[in-house]
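Descriptive structure summary
These are the residues of each chain, in order.
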Amino acid sequence: MRFLLKNWTEICIRIVAIVLTFITVQHPVIASSIDSIILYPVPLDPEKQTLTIEDRKKEYSGKSILVHLQVYDINGDLLFSRNYNSLPVYWKGYSTSGKKVSNGVYIVKLTIEDLDSGLTGKKLFRIIVKK
C-alpha cells in the first residue's frame, strides 16, 4: 500500500504541475502578447553580434514586467540566467560565469511576468551559435 500511495502522490504532484504550467502559459492575454516576441540574429556570432530579444508589436511597452532570460545548452545545462525589467533584452554569448559559449545549438527560455496582473507567459527558442 505504501508503494501505491507514494506513486499516487507523485502522479498528483505531476498533474498539478502540468495543469499550472498549462494555465500559466495558455492565459489568452499573455499568450497573445508573448507570441509577438522575436529574437535575432540567428545564427549568432558572439564575436561580432549580440542576440536581441524584443517585442515586435510593442505589446509590453509601458507595462510593469519582469523578464527572466535563461540560456541552456543542448544537454539542458543552464549557462546563463538574468532578470530584466523591460524589453528588449540582450545576450552577448557568454555564460553567467563570463565564459564565451562554443559553437552549437542552444535553447533560450524567456519568461515574462506582468507585475500588475501576476500573469506569466513562457516561450522557448532554439538558436545556433556559430563563430
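The present account deals with the structure reproduced in this document.

Right, let's talk about the overall build of the protein chain for a bit. Assigned secondary structure in the protein chain consists of two helices and seven strands. Helices and strands in the protein chain line up, N terminus first, as α-α-β-β-β-β-β-β-β. Looking at the protein chain as a whole, 32% of its 131 residues qualify as buried. Excluding contacts between residues fewer than 6 apart, the proportion of contacts in the protein chain whose partners are at least 24 apart in sequence is 50%.

When strand β6 (residues 104-114) meets strand β7 (residues 120-129), the two strands line up antiparallel, connected through ten bridges. Considered in β7, the bridge of valine 108 is made with phenylalanine 125.

Turning our eyes to something else, we now look at unusual backbone geometry. At the junction of tyrosine 40 and proline 41, the peptide bond is cis and its omega measures out at -5 degrees in the coordinates. Summarising the element assignment, proline 41 is placed in the loop between β1 (37-40) and β2 (51-55). Non-glycine residue lysine 58 carries a positive phi angle of around 60 degrees. Tracing the backbone shows lysine 58 in the loop between β2 and β3 (65-73). On the accessibility criterion, lysine 58 (53% relative accessible area) is exposed.

Definitions and cut-offs
- Residues numbered from 1 in each chain as written.
- Predicted model: local features only at pLDDT ≥ 70, side-chain atom pairs only at ≥ 80, totals over all residues.
- Heavy atoms only, no water.
- Helix = DSSP H or I, 4+ residues; strand = E, 2+ residues; numbered from the N terminus.
- Buried < 20%, exposed > 50% of the residue type's maximum accessible area, 1.4 Å probe, protein only.
- Contact = heavy atoms within 4.5 Å.
- Pairing = 2+ DSSP bridges.

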